[in-house]
Amino acid sequence: MMSWQTFPHEADVGVRGCGATLAEAFAGAATALTSVVCAPAEVVARESVAITCRAPDRELLLVDWLNALIYEMATRHLLFSRFEVAIAGGEQGSEQGSEQGIGRELTLKATVFGEAIDVARHQPAAEAKGASFCELRVARADDGSWCAQCVVDV
Amino acid sequence: MDTAELKRRSEYEWEIPRSGGMRVPGVIFAAHELVLAMDEKVREQLQNVASLPGIVEAAYAMPDAHWGYGFPIGGVAAFDADEGGVVSAGGVGFDISCGVRTLHTGLKIEQLQGSVRRQLADQLYARIPAGVGRTGALHLSAKAMDAMLRGGAAWAVGEGYGTAADLGRIESAGRIDGADPDAVSEQAKKRQRDEMGTLGSVSLIEKNRVRNCQSLR
C-alpha cells in the first residue's frame, strides 16, 4: 500500500513515499512532491508524460526521478497526481543486493498523469525547484517494504 | 540556539569553540536575540563546515543564518587549495541566482498611511510577476537567450530594462567576463524561458522603513 507524506526542514520541505515495492515508494515520493504545490486530490489526470531515468544507485535514482518531474512541471506548467512507475536493474528488491543497489545501473520508466496548472483552482503554495541530497535515503524496512525520501528546494 | 556553549567575542560575534573534528572554530555574527532564535541545526552545520579540509580561519554564519543542506544558509567559508581545500557545489543550497535588492522609493512613512499602503501592495502584486504559474512579458528567442546570458545586466540595460547607473550598483556590473551560453544545457534554457522577467516563484517583496543607517567601520 503506497503512502506519502512531507516532513519539515526549516528552509525547505522533505518528501517521503513508502510502499510494498521500490516503485511504489518512488510513486509516493512523487505524490508528496505534488503536495508541496497543492493538494494532489485536486489534480485531475487528464494528460500523460513519459519519463525515463537511469542512475547507478537507488538514492541517485530518486533524486533524478524527482528532478525529472520538477523539470516537466516547470516547462510544461503541469501538475501530476498519478504515477505509474517501473524500476528495473540494480538487483533492486533482492536481499542479496548491496545496501545502495550498486552493481547494476537502475532504470526507471514511468508514465505520469496530470493537468495544466490552474492558479485559481489549484492555489499553488510553492514551487519545487530541485531535489537535493539532504536527508536523502532509500531503504527497505524489516517487513520488506520500501521508503524513499529527500529534501526538495522550494 | 543555546548560547551557554558559545564564547562571546564581542556584542555581535559569537564563537563555537573547536571540538571533535573541527579544524577551525565557528563564528556567528548576530545580536543575542538572533542567536537565541537560530535553529540548533545552524550550530551542527557550522561545525560540519569547520571540519572540512583546507578551511581558513573559521566557518562563519551571517545574522540571517538558518538550516540549509550542507552549510547553513547564510554560511561563509574560504578554503585554501594548497591545503587540500574543498570545492562545495551545494555550499549554500542551489539558489545561485538568489539575491537581495533594495529599491529606495524616496517616500516618507507619513506618505504611506491608511489605505495607500494596501493600494501600494496591490499594485506591486499586479505589476510584478511573481509566484507559481505566473509568467513575464519577456519571451526570448534562443539567440536572444544566449545574448542575455553573455551580456548579463548590461544586456538588460541595452534592452531598456534599466539605466546605466544601475550597473554601477551591481557586483561586477552584473556580468562575468567569459560567460559561455554554450555551457548551459538546452534543458536549463528551456526552464528559464517562461521565468524571464519574473521575480520567481518564492520571492518576497517587502516594504521596509529605514530608520537609520550604521557603518561598522
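Model, not experiment: these values are computed from the prediction.

1. Side note on the overall build of chain B
Here is step 1 of the chain: Along chain B, the regular secondary structure elements total 6 helices and 5 strands.
Here is step 2 of the chain: Secondary structure of chain B in N-to-C order comes out as β-β-β-α-α-β-β-α-α-α-α.
Here is step 3 of the chain: Taking the principal axes of its C-alpha atoms as reference, chain B extends roughly 55 × 50 × 35 Å.
Here is step 4 of the chain: Counting all 217 residues of chain B, 27% fall into the buried class.
Here is step 5 of the chain: For chain B, the share of sequence-separated contacts (at least 6 apart) that also reach a separation of at least 24 residues comes to 53%.
Here is step 6 of the chain: When the accessible surface of chain B is totalled, it reaches about 14,700 Å², and 52% of it is carbon and sulfur.
Here is step 7 of the chain: Of the charged side chains in chain B, 25 are positive and 28 negative, and the gap between their average positions amounts to 7 Å.

2. Describing the sheet that holds strand β5 (residues 73-76) of chain B
Residue and element names in this part refer to chain B.
Here is step 1 of the chain: Here 5 strands make up an open sheet; going across it, the order is β1-β2-β3-β4-β5 and the pairing mixed. Each end of this open sheet is capped by a strand with a single partner; those strands are β1 (7-10) and β5. Strand after strand, the sheet turns through a mean of 30° between neighbouring axes, direction not considered.
Here is step 2 of the chain: In this sheet, strand β3 (residues 26-29) lies alongside strand β2 (residues 13-16) in antiparallel orientation, the contact comprising 4 bridges. Residue pairing in the sheet places W14 in a bridge with I28 of β3.
Here is step 3 of the chain: Against the sheet, helix α2 (residues 40-50) engages β2, β3 and β4 (59-66), with an angle of about 155° to β4.

3. A closer look at the domain arrangement of chain B
Here is step 1 of the chain: Assigned domains within chain B: domain 1 (3-83) and domain 2 (109-193).
Here is step 2 of the chain: The C-alpha centroid of domain 2 of chain B is placed 33 Å from the C-alpha centroid of domain 1 of chain B.

4. Some details on the confidence of the model for chain A
Interpreting fine coordinate detail is not advised for predicted regions of low pLDDT.
Here is step 1 of the chain: Confidence along chain A averages 90 in pLDDT terms, with 92% of residues attaining 70 or more.
Here is step 2 of the chain: Long-range and interchain partners of residues 92-98 of chain A, a stretch whose pLDDT sits below 50, account for 11 contacts in this model, where long-range means more than four residues apart.

5. Here we look at the nonpolar core
Residue and element names in this part refer to chain A.
Here is step 1 of the chain: Core analysis: the biggest nonpolar cluster contains 48 residues, and F26, L62, W65, L66, L69 and V85 have the highest contact counts within it.
Here is step 2 of the chain: Put simply, the parts of the chain that give this core at least two residues each are β2 (13-19), α1 (22-37), β3 (47-55), α2 (58-76), β4 (78-89), β5 (106-116) and β8 (146-153).
Here is step 3 of the chain: Sorting elements by how many residues they give to this core places α1 first, with 11 residues.
Here is step 4 of the chain: In contact with L69, not counting residues within four places along its chain, are A30, L33, I51, F80, F83 and V112.

Conventions we followed
Residues numbered from 1 in each chain as written. Chains lettered and ligands numbered in written order. Predicted model: local features only at pLDDT ≥ 70, side-chain atom pairs only at ≥ 80, totals over all residues. Heavy atoms only, no water. Helix = DSSP H or I, 4+ residues; strand = E, 2+ residues; numbered from the N terminus. Buried < 20%, exposed > 50% of the residue type's maximum accessible area, 1.4 Å probe, protein only. Contact = heavy atoms within 4.5 Å. Areas by Shrake-Rupley, 256 points an atom, 1.4 Å probe, with all protein chains shown as cover. Lys, Arg positive; Asp, Glu negative; His and termini not counted. Charge placed at Lys NZ, Arg CZ, Asp CG, Glu CD. Pairing = 2+ DSSP bridges. Axes fitted to C-alpha atoms, helices over the stretch in contact; angles between N-to-C directions. Domains from an automatic or database assignment. pLDDT = per-residue confidence, 0-100. Core = buried A, V, L, I, M, F, W, Y, C linked by side-chain atoms within 4.5 Å.

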